[in-house]
Amino acid sequence: MCYTGEMFRVILLYTLLFITISIGVSQEEKDRKIVFNEVVYDPFFAATIKDNEGERFNVSRIAFFDEFNEKKYFFWVRRNSGLYTVSFKNIKSVIFSSNDFADDRYEGFTRATLNLISGESHLVYIKTTGHLEGFEELFASPVTFYLHYNLIESIEFAGNGNYYYCPFCETVYFDPSTEICPYDKTPLVEGVLSDSDR
Ligand SMILES: [Zn+2]
């Protein structure tokens, strides 16, 4: 009888512990993860941003905020009559044209060369109504970049199409400096994006 009671107490303790851990993880996941095309991605994209004065900024945790201040991990891209969303994971770099100013042809869009990780380059118009936010390495501080009026010359993403994933929780990371999963401390495994993901 006493033994069963002990067992019950142990099970109850573990159940409470499990619930506590589950709540902790789910809040963490909400803050840090993103689901895109049914795959969970870590939003910590990193890039070198060069401004129109030639200053370079190494920025991690990059996200784009549109005019409604909604957080996105992609750019809206116009190519003639086509309007696309292009995920940061597929972008190698964005080089803005210094001759064409914002709103030249399409309101809120700026002419740029979009270099994809697949090796393709396209002359496009990128939505620049909004701003980039991230965490700057040098000042170890959050930073905001406005994309209006050609303040930014280029955005070069650190990812090259490879990713790392956690075999335990299956979170995907694009930042090559991440070696251990911050959620469960599991060493990450290297993966390669399939053609369909590009
Ligand atoms: Zn993990």
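Notes on the structure follow. (Residues numbered from 1 in each chain as written. Predicted model: local features only at pLDDT ≥ 70, side-chain atom pairs only at ≥ 80, totals over all residues.)

What follows deals with the overall build of the protein. Across its full length, the protein holds one helix and 16 strands. Looking at the protein residue by residue over its 198 residues, the buried ones come to 22%. Contacts in the protein between residues at least 24 apart in sequence constitute 52% of all its contacts with a sequence separation of at least 6. (Helix = DSSP H or I, 4+ residues; strand = E, 2+ residues; numbered from the N terminus. Buried ≥ 20, exposed ≤ 12 C-beta atoms within 10 Å, placed from the backbone. Contact = placed C-beta atoms within 7 Å.)

Here R111 is to be found in strand β9 (residues 109-116). A tally of 21 C-beta atoms within 10 Å means that R111 is categorised as buried. Residues R111 and F96 lie 15 residues apart in sequence; the distance between their C-alpha atoms is 6.2 Å.

What follows covers the pairing of β9. It is a general feature of regular strands that their side chains alternate between the two faces of the sheet. Here five bridges tie strand β8 (residues 91-96) to β9, and the two strands are oriented antiparallel to one another. Pairing of V94 across the sheet is with L114, part of β9. As consecutive antiparallel partners, β9 and strand β10 (residues 121-127) are separated by four residues, and within that stretch G119 has a phi angle of approximately 100°, a positive value. (Pairing = 2+ DSSP bridges.)

To continue, consider unusual backbone geometry. In this structure, N69 is a non-glycine residue whose phi angle is positive, near 65°. Mapped onto the elements, N69 comes out in the loop between β4 (56-66) and β5 (71-72). For N69, a count of 8 C-beta atoms within 10 Å puts it in the exposed group. For N80, which is not a glycine, the phi torsion comes out positive at approximately 55°. Here N80 lies in the loop between β6 (74-79) and β7 (82-87).

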